[in-house]
Amino acid sequence: MKGQACGKVILFGEHAVVYGIPAIAVGINHGTQAWVEKKEQFPSQFTIMGSDQTVTDQQDSLISQAFHRILEAVAIDFPVQARVQTELPPAAGLGCSATMAVALVDALVQLKQEHPSRQEIAQMAGAWEDVFHGTASGIDACVAAHGGAIWFQRGATPVPMHLRTSLHLAIGESGVASSTKRMVESLARLRERKPEMVKNSFEAIESLVRNARVALESSDLNTLGKLLDLNQMLLAGLFLSSKEIETLCGLARDAGALGAKLTGAGGGGCVVALCEDNPQPVLDAWQAAGFSGFSTVVASNAATRIARERSAS
Ligand code: MEV
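Residues numbered from 1 in each chain as written. Predicted model: local features only at pLDDT ≥ 70, side-chain atom pairs only at ≥ 80, totals over all residues. Heavy atoms only, no water.

In terms of regular secondary structure, the chain is built from ten helices and eleven strands. A compact globule built from 313 residues should have a C-alpha radius of gyration of about 20 Å, and the chain, at 19 Å, falls within 12% of that. If one aligns the C-alpha atoms of the chain with their principal axes, the spans along those axes are about 60 × 45 × 40 Å. A buried classification covers 52% of the 313 residues belonging to the chain. A separation of at least 24 residues holds for 73% of the contacts in the chain among residues at least 6 apart in sequence. Where the 26 positive side-chain charges of the chain centre and where its 31 negative ones centre are 3 Å apart. (Helix = DSSP H or I, 4+ residues; strand = E, 2+ residues; numbered from the N terminus. Rg over C-alpha atoms; globule rule 2.2 N^0.38 Å. Buried < 20%, exposed > 50% of the residue type's maximum accessible area, 1.4 Å probe, protein only. Contact = heavy atoms within 4.5 Å. Lys, Arg positive; Asp, Glu negative; His and termini not counted. Charge placed at Lys NZ, Arg CZ, Asp CG, Glu CD.)

Right, dumping it as structure tokens:
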């Protein structure tokens, strides 16, 4: 059985989303596939293709524990052989880990001939995210399962957003690993030391997210770009940015992007730049400065390749 999931870019509201503020994220046309089959004997086995990494569900490593939690969440009581293959760079803020969990759950429920909703699949995948991130909001797994553009608030039903115009995005890689767990913990420590400051920043982020919804729904790309820049300033004020992220954002704006910010946990990982149409000048500017990147289009009908493939199958 084959399962799939798409990577994500958080456009607005990362980190604050952990504390209940809404966020807007979109699925991208890069993702992860999983294959599962029954095997003869326990223990169950899990392989990340291309990485030489094979574990069982009985070992001590985080990946083994996460695999075990997924088997429990889907209530698999027979031995399985599972493999995943991803197009996403790990620790880059693009939801690689969540896509593995969602693709695995997607394949496992098919093996059991069950038909949960995409939201239920995302919830089962949360067991894996808990092992790696502890306090994950669930946004990565949610977008990995649904694709498209999503209005997400912790504990509430996610709302698919219908874009009236396609979004042309350039994604730039800082080349520095981003650890969600570490960055979420560092913000939690800052919040303990300076609760008023973090509260004010979250309130500002919330108003940006709400204005971004209005801008998205009215296809106001210029405003959307400015809101991205403002969100980046607020994230930098919470010590979530880095030298490389600022360089990437600056290069993107100079090359004509309407706005740019870090996406995901920050401290490294990727930036997202909104372009009026062709993202190539931004990609060229990054490449000239030694950074790699790629472009993705969020179609106005808000379907990602993974979601489309699935509904066609
Ligand atoms: C990570 O992609 C997004 C964070 O907001 C963490 C989370 O929401 O779980 C930093």
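Enumeration over the complete set of coordinates arrives at one cavity of 30 Å³ or more. Approximately 30 Å³ is the volume found for the largest cavity. As for the largest cavity, its lining consists of Leu11, Phe12, Leu167, Leu169, Leu224, Leu228 and Leu274. Mapped by element, the contributors of at least two residues to the lining of the largest cavity are β1 (2-12), β8 (167-173) and α7 (221-237). (1 Å grid on protein atoms, 1.4 Å probe; cavity = no way out; pocket = protein on both sides within 12 Å on 5 of 7 lines; lining within 4 Å. Points joined across faces, edges and corners; volume = space filled by probe spheres on them.)

Let's shift gears to the packing of helix α8 (residues 243-254) against helix α9 (residues 280-288). In a packed pair of helices, the relevant descriptors are the angle between the two axes and the axis-to-axis distance. The N-to-C vectors of α8 and α9 enclose an angle of 135°; their axes lie 8 Å apart at closest approach. Considering their axes alone, α8 and α9 lie oblique with respect to each other. Classified by chirality, the crossing of α9 by α8 is right-handed. Contact with α8, carried on its side by Leu248, Leu251 and Ala252, involves Val282, Ala285 and Trp286 of α9 and no other residues of that element. (Axes fitted to C-alpha atoms, helices over the stretch in contact; angles between N-to-C directions. Parallel < 35°, antiparallel > 145°, perpendicular 65-115°, else oblique. Left-handed = near helix turned anticlockwise from the far one by under 90°.)

So, about the environment of Gln113. Position of Gln113 among the secondary structure elements: in the loop between α2 (96-111) and α3 (118-133). Along the backbone, Gln113 and Gln81 are 32 residues apart, and their C-alpha atoms lie at a distance of 17 Å.

The environment of the ligand is formed by 13 residues, the closest being Lys8, His15, Ala136, Ser137 and Asp140. Between His15 and the ligand, the recorded distance is 2.9 Å, taken from a backbone N or O atom to an oxygen atom. Starting from 300 Å² of accessible surface for the ligand in isolation, the protein chains cover 97%. Those elements giving two or more residues to the shell around the ligand turn out to be β1 and α4 (139-146). Residues belonging to the shell around the ligand are distributed by class as follows: six nonpolar, four polar and three charged. (Near = heavy atom within 4 Å. Polar contact = N/O pair within 3.5 Å; in protein donor to acceptor, adjacent residues only side chain to side chain. Areas by Shrake-Rupley, 256 points an atom, 1.4 Å probe, with all protein chains shown as cover. Nonpolar A, V, L, I, M, F, W, Y, C, P; charged D, E, K, R; others polar.)

Counted as a void, the largest pocket has a volume near 700 Å³. Taken together, 40 residues form the lining of the largest pocket, with Ser97, Glu129, His133, Asp140 and Thr180 sitting closest to its centre. For the lining of the largest pocket, the secondary structure elements donating two or more residues are β1, α2, α3, α4 and α5 (180-193). When the residues that make up the lining of the largest pocket are grouped by side-chain class, the tally is 21 nonpolar, 15 polar and four charged. Size it by volume and the second largest pocket reaches roughly 280 Å³.

A word on the sheet that holds β8. The pairing of strands in a sheet comes from backbone hydrogen bonds and takes either a parallel or an antiparallel form. Ordered in space as β9-β10-β8-β11, the four strands form an open sheet in which the pairing is antiparallel. The open sheet is flanked by β9 (259-263) and β11 (293-298), the only strands paired with a single partner. The sheet shows a mean angle of 25° between the axes of neighbouring strands, taken without regard to direction. Against the sheet, α7 contacts β8, β9 and β10 (270-275), and its axis sits at roughly 45° relative to β9. Along the sheet, α9 contacts β8, β10 and β11; its crossing angle with β8, the most-contacted strand, is approximately 5°. (Pairing = 2+ DSSP bridges.)

With that settled, the discussion passes to the environment of Gly269. Relative to the helices and strands, Gly269 is located in the loop between β9 and β10. As for Gly269 and Gly256, which are separated by 13 residues in sequence, their C-alpha atoms are 22 Å apart. In this structure Gly269 touches Ala91, Ala92, Gly172, Glu173, Ser174, Gly175, Val176, Ala177 and Ser178, once residues within four positions along its chain are discounted.

With that settled, consider the pairing of β10. Where burial is concerned, most of β10 is hidden: six out of the six residues are buried. A two-sided burial pattern is seen for β10, the buried positions comprising Cys270, Val272 and Leu274 on one face and Val271, Ala273 and Cys275 on the other. Alignment of β8 against β10, held across six bridges, turns out to be antiparallel. What sits directly across from Ile171, in β10, is Val272. As paired strands, β9 and β10 are joined by five bridges and run antiparallel to one another.

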